[in-house]
Amino acid sequence: HYFNPHAQRIIEGKMAGAKLIVWDTRLSNTASQAYYWLSPWPGTESALLLAIANLLIQEERFDREFVRQWTNWEEYLTQEFPEKPCTFETFLAQLKLLYASYTPEFVEAECGVPAATIREIAAEIARAGSALATHVWRNAAAGHLGGWQVARTLQLLVVLMGAVGTPGGTSPNAWDKFVPAPFDRP
């Protein structure tokens, strides 16, 4: 019954109305329950996530106040662009330039996921807002060289949406640790 409490909570969220989006090269049990199942070419998952981030940034469909308050944008500007004014607007302009090459069309060619689907998913993430809950399973993160970048780019989406420790959002592992009671006590 509690073999995988995390997977169980994912399905419970789906049953409560959450839209489940899974990218996995294989049709896993979780993917079979997904609203969207994407099977990008292995090793291209980060590009897919950056295309979604790019759309959210270009269309300004992210939590500006959360990003302004909780990221180190001032240090980034000071280090990377010391000649530019150290304002949040300057940071946003630079962020738009930084991710501009990750268009849905580029990523479609890179990973085999249709550009229209990437746009749909970006819109779903924007609608989820601070209720965006994410999880990195083994497939992409451990399956190939550089897989840890998948976790980093997925966390970028969480931060852009201000979905850190929010109701329905993504919490650090230890915050919501579920430890089922043993079936039998010695």
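Residues numbered from 1 in each chain as written. Predicted model: local features only at pLDDT ≥ 70, side-chain atom pairs only at ≥ 80, totals over all residues. Heavy atoms only, no water.

## What about the packing of helix α7 (residues 104-111) against helix α8 (residues 115-128)?
Moving on, step 1. Interhelical geometry of α7 versus α8 gives an angle of 120 degrees and a closest axis separation of 8 Å. Relative to α8, the element α7 is oriented oblique. Here α7 runs over α8; the crossing is right-handed. On α8, the residues touching P104, E105, V107 and E108 of α7 are A115, I118 and R119. (Axes fitted to C-alpha atoms, helices over the stretch in contact; angles between N-to-C directions. Helix = DSSP H or I, 4+ residues; strand = E, 2+ residues; numbered from the N terminus. Parallel < 35°, antiparallel > 145°, perpendicular 65-115°, else oblique. Left-handed = near helix turned anticlockwise from the far one by under 90°. Contact = heavy atoms within 4.5 Å.)

## Focus: the pattern of salt bridges
Moving on, step 1. Tallied over the full model, the rule gives 8 salt bridges.
Moving on, step 2. Put simply, K19 and E124 hold a salt bridge, and the shortest N to O gap is 2.9 Å. Taken together, the residues span a long stretch of sequence, with K19 in the loop between α1 (5-15) and β1 (21-23) and E124 in helix α8 at a distance of 105 residues.
Moving on, step 3. We classify K19 as partly exposed; its relative accessible area is 41%.
Moving on, step 4. Take E124: its relative accessible area is 13%, and that puts it in the buried class.
Moving on, step 5. In this structure, the salt-bridge partner of R119 is E105, at a minimum N-O distance of 2.7 Å. Of this pair, R119 sits in helix α8 while E105 sits in helix α7; the two residues are 14 residues apart in sequence, bridging distant segments of the chain. (Salt bridge = Lys/Arg side-chain N within 4 Å of Asp/Glu carboxyl O. Buried < 20%, exposed > 50% of the residue type's maximum accessible area, 1.4 Å probe, protein only.)

## Description of unusual backbone geometry
Negative phi is the rule for most residues except glycine; trans is the rule for most peptide bonds.
Moving on, step 1. In this model, E60 sits at a positive phi of 50 degrees, which is unusual for a non-glycine residue.
Moving on, step 2. By the element assignment, E60 lies in the loop between α3 (45-58) and α4 (64-70).
Moving on, step 3. For E60, a relative accessible area of 38% translates into the label partly exposed.

## Remarks on the nonpolar core
Moving on, step 1. Counting residues in each nonpolar core, the largest one holds 39 residues, and the members touching the most others are L48, I52, F91, I118, I125 and L157.
Moving on, step 2. Going through the elements one at a time, β2 (36-38), α3, α5 (73-80), α6 (88-99), α7, α8 and α10 (148-160) are the ones with two or more residues in this core.
Moving on, step 3. Among the elements that take part in this core, α3 stands out by supplying 10 residues, more than any other.
Moving on, step 4. In this structure I125 touches I52, L56, L132, L157 and M161, once residues within four positions along its chain are discounted. (Core = buried A, V, L, I, M, F, W, Y, C linked by side-chain atoms within 4.5 Å.)

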